[in-house]
Amino acid sequence: MTKQQKLYKGISKAAMGFFFVFFNFSINKIDLLPSFIGYLFFLSAIEYLKEEERDLSLLRIMGIMLFFWNLVHWILCWFDVYFIGFWKFIVIFFGITELYFLFQMLTDLSSIARRYQPENYLLDKKIIIYRTIETIITTIITGVWFFSVSSSPFWILISLVLSVISFVAVICIILVLMDLRKIILYNEMNTVHQNEQNGL
């Protein structure tokens, strides 16, 4: 597998990871787009991209932790078991871990975009902007949940607005990664074409 092919597959899997982690579609409180599947995609993306961005290898252990955490959480939802009291601190710990993992994943993807994007495309800067928006919103929503003020009508409205902004930001992240994937594919096709010409 060529370097370009690894990049293409890695970015594709990263995009799928963000899709499963950020989007929820639940029936009877059971998420049909479970986050643990998203972390499987992220772990696969790391394997494809680690030679391109070495910092990604540092996220592997964290990704495995988050995979098992989200798997356990998903299974408990089947039995209507939820975390309250002291266990909220465990939820906060993994919430912070997840926040850092996603923040660093997007930072590393931005670094890859900077190296491969055409001039004036600014995909790297777009990723950083959307990453920052998503990080701020997630932090606010997590804080509201932890301090149990989410039942307030004011915070219900604020949370709704933030959720909409978060939704748009994640869509933008995925679209930027799709654009980056197209660039990688275009570069691969150009490389093949040049090799064919050189062969002639």
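Because the structure is predicted, anything quoted here is derived from the model rather than measured.

Thresholds applied
Residues numbered from 1 in each chain as written. Predicted model: local features only at pLDDT ≥ 70, side-chain atom pairs only at ≥ 80, totals over all residues. Heavy atoms only, no water. Phe/Tyr/Trp six-rings, centres within 6.5 Å; stacked < 30°, edge-to-face > 60°. 1 Å grid on protein atoms, 1.4 Å probe; cavity = no way out; pocket = protein on both sides within 12 Å on 5 of 7 lines; lining within 4 Å. Points joined across faces, edges and corners; volume = space filled by probe spheres on them. Helix = DSSP H or I, 4+ residues; strand = E, 2+ residues; numbered from the N terminus. Nonpolar A, V, L, I, M, F, W, Y, C, P; charged D, E, K, R; others polar. Buried < 20%, exposed > 50% of the residue type's maximum accessible area, 1.4 Å probe, protein only. Salt bridge = Lys/Arg side-chain N within 4 Å of Asp/Glu carboxyl O. pLDDT = per-residue confidence, 0-100. Patch = residues over 30% accessible without salt bridge, like charges linked within 9 Å, V, L, I, M, F, W, Y side chains within 5 Å. Areas by Shrake-Rupley, 256 points an atom, 1.4 Å probe, with all protein chains shown as cover. Contact = heavy atoms within 4.5 Å.

**Student:** Can you walk me through the packing of aromatic side chains in this structure?
**Tutor:** Two numbers describe a pair of aromatic rings. These are the distance of the centres and the angle of the planes. Following the criterion strictly, the structure yields 15 aromatic pairs and no others. Relative to Phe94, the ring of Phe93 lies with its centre 5.1 Å away and its plane at 80°, an arrangement referred to as edge-to-face. Members of the aromatic cluster, joined through ring pairs, are Phe18, Phe22, Tyr39, Phe42 and Phe101.

**Student:** Looking at this structure, how should I read the layout of surface pockets?
**Tutor:** Leftover empty space is mapped by rolling, across the atoms, a probe with the size of a water molecule. In this structure, the largest pocket encloses a volume near 1400 Å³. Around the largest pocket sit 39 residues that line it, and Val21, Asn24, Ser35, His73 and Glu98 are the ones nearest its centre. Of all the secondary structure elements, the ones that give two or more residues to the lining of the largest pocket are helix 1 (3-22), helix 2 (35-49), helix 3 (60-78), helix 4 (87-116), helix 5 (123-146) and helix 6 (153-199). The element best represented in the lining of the largest pocket is helix 4, accounting for nine residues. Partitioned by chemical class, the residues of the lining of the largest pocket number 23 nonpolar, eleven polar and five charged.

**Student:** What exactly am I supposed to notice about the environment of Ile64 here?
**Tutor:** With respect to the helices, strands and loops of the structure, Ile64 is situated in helix 3. Looking at Ile64, the relative accessible area reads 27%, which means it is partly exposed. In sequence terms Ile64 and Phe36 are 28 residues apart; their C-alpha atoms lie 9.4 Å from each other.

**Student:** Explanation requested: the pattern of salt bridges in the structure shown.
**Tutor:** Note on pairing: side chains with opposite charge can pair once their charged atoms come close. All told, the structure shown has seven salt bridges when counted by the stated rule. Lys6 is the partner of Glu51 in a salt bridge, and the nearest nitrogen-oxygen pair spans 3.6 Å. Here Glu51, found in the loop between helix 2 and helix 3, pairs with Lys6, found in helix 1; they are 45 residues apart in sequence, far enough to count as distant. Judged by its relative accessible area of 59%, Glu51 is exposed. A relative accessible area of 25% means that Lys6 is categorised as partly exposed. Among the charged side chains, a network of salt bridges with common partners joins Lys3, Glu52, Glu53 and Arg115.

**Student:** Would you mind going over the confidence of the model for the protein chain with me for this structure?
**Tutor:** Reading predicted coordinates in detail is not appropriate for stretches of low pLDDT. Averaged over all residues, the pLDDT of the protein chain is 86; the fraction at 70 or higher stands at 87%. No element of the protein chain has a lower mean pLDDT than strand 1 (residues 26-27), at 76, and none a higher one than helix 2, at 96.

**Student:** Can you walk me through a nonpolar patch on the surface in this structure?
**Tutor:** There is a patch of nonpolar side chains on the surface, built from Ile129, Ile133, Leu157, Leu160, Val161, Val164, Ile165, Phe167, Val168, Ile171 and Leu175 and spanning about 950 Å² of accessible area. Counting residues per element, the ones that place at least two in the nonpolar patch are helix 5 and helix 6. Take the nonpolar patch: its biggest share by element is nine residues, from helix 6. With a relative accessible area of 47%, Phe167 lands in the partly exposed category.

**Student:** Would you explain the side chain of Glu52 in this entry?
**Tutor:** Along the chain, Glu52 turns up in the loop between helix 2 and helix 3. Beyond its immediate stretch of four places on either side in the chain, Glu52 contacts Lys3, Leu7, Ile112, Arg115 and Tyr116.

**Student:** How should I be thinking about the side chain of Thr97 in this particular structure?
**Tutor:** Position of Thr97 among the secondary structure elements: in helix 4. With relative accessibility at 10%, the residue Thr97 sits in the buried group. Those residues within four positions of Thr97 in sequence are excluded, and the remaining contacts are Met62 and Leu66.

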